[in-house]
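Coordinates in review
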Amino acid sequence: MLEERWFWCMPLWRFVWPQPPLYKAVFQKKTYDNYKFGQRYKNRAMLNGINQFEKPQVISFMLDDMRAVSKILGDKQFLLGSKPCQDDCAVFGQLAQALWALVDSPYEKFMHNEGSNLKEYCFRMKERFWKDWDASLLH
C-alpha cells in the first residue's frame, strides 16, 4: 500500500512536478543529464501506471494511503501496540520523507493537520531510535 505507491509518487513530487525540478537543486548544475534524470522517473512512473493519472489524482491516492495508515495507527504508540515492530521501520521510512523531506507538499501538510497522529508517530520513532538525529544531519 504505502510503500508501493510512495516509491512512485515521491519521485514524481520531487523530480517531475516541481518547477523548477528539485533535481536541479540536488545536482546544482543544469545539464542534459539532470533533465534525463527527471525524465527517467517520469517514464518509469508511466510504465508503472501511476503517471497515467493527473497530478491531483496521484496526490489523492497517496493521501488515501496515508489516511489508511493513520487509521491503523489510531492512538497507539506504534502500529501493533506499545512496542515497535519491523513494519514500523518501513512505515517510518516513508512517512519521515513526507514530514521532513517533502517541504510544502500536500503530504507534509496532511501530517500537520488531519494526520497529526502520523507526525507524532514519526517523532516517537525518531526519539526512540535516532537520539542523535539532529547532530547527524548537521554533518
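Computed from a predicted model, the values in this text were never measured in an experiment. (Residues numbered from 1 in each chain as written. Predicted model: local features only at pLDDT ≥ 70, side-chain atom pairs only at ≥ 80, totals over all residues. Heavy atoms only, no water.)

**Looking at the overall build of the protein**
Looking only at helices and strands, one finds 8 helices and 0 strands in the protein. Going from N to C terminus, the protein has its helices and strands arranged as α-α-α-α-α-α-α-α. Across the 139 residues of the protein, 41% fall into the buried class. For the protein, restricting intrachain contacts to residue pairs at least 6 apart in sequence, the fraction spanning at least 24 positions comes to 66%. (Helix = DSSP H or I, 4+ residues; strand = E, 2+ residues; numbered from the N terminus. Buried < 20%, exposed > 50% of the residue type's maximum accessible area, 1.4 Å probe, protein only. Contact = heavy atoms within 4.5 Å.)

**What about the packing of helix α5 (residues 86-101) against helix α7 (residues 116-129)?**
At a minimum axis separation of 9 Å, α5 and α7 run at an interaxial angle of 115°. On the basis of their axis angle, the class for α5 and α7 is roughly perpendicular. Taken as a pair, α5 and α7 cross one another with a handedness that is left-handed. Each of Asp-88, Cys-89, Val-91, Phe-92, Leu-95, Ala-96, Leu-99 and Trp-100 in α5 lies in contact with α7, whose residues at this interface are Leu-118, Lys-119, Tyr-121, Cys-122, Phe-123, Met-125 and Lys-126. Counted by class, the contact of α5 with α7 contains 12 nonpolar, no polar and 3 charged residues. (Axes fitted to C-alpha atoms, helices over the stretch in contact; angles between N-to-C directions. Parallel < 35°, antiparallel > 145°, perpendicular 65-115°, else oblique. Left-handed = near helix turned anticlockwise from the far one by under 90°. Nonpolar A, V, L, I, M, F, W, Y, C, P; charged D, E, K, R; others polar.)

**Here's the deal with the side chain of Gln-94**
Following the sequence through the fold, Gln-94 ends up in helix α5. If near-sequence neighbours (up to four positions away) are discounted, Gln-94 is found in contact with Leu-2, Glu-3 and Trp-6.

**Quick notes on the pattern of salt bridges**
Going through the model one piece at a time under the given rule, you end up with 4 salt bridges. A salt bridge links Asp-65 to Arg-5; its shortest N-O distance comes to 3.2 Å. Taken together, the residues Asp-65 in helix α4 (residues 55-73) and Arg-5 in helix α1 (residues 2-16) connect sequence positions 60 residues apart. The partner of Glu-114 in a salt bridge is Arg-67, with the nearest N and O atoms 2.8 Å apart. Linking Glu-114 in the loop between α6 (106-112) and α7 with Arg-67 in helix α4, this pair joins segments that are 47 residues apart in sequence. We classify Arg-67 as partly exposed; its relative accessible area is 32%. In the salt-bridge network here, residues are joined through shared partners; they are Asp-64, Arg-67 and Glu-114. (Salt bridge = Lys/Arg side-chain N within 4 Å of Asp/Glu carboxyl O.)

**What to know about the packing of aromatic side chains**
For the structure shown, the criterion picks out 13 aromatic pairs. Ring plane angle 15° and centroid distance 5.1 Å describe the contact between Phe-92 and Trp-130, whose orientation is recorded as stacked. One end of the pair, Phe-92, is in helix α5; the other, Trp-130, is in the loop between α7 and α8 (133-137), and 38 residues separate them in sequence. Relative to Phe-123, the ring of Trp-100 lies with its centre 5.3 Å away and its plane at 80°, an arrangement referred to as edge-to-face. (Phe/Tyr/Trp six-rings, centres within 6.5 Å; stacked < 30°, edge-to-face > 60°.)

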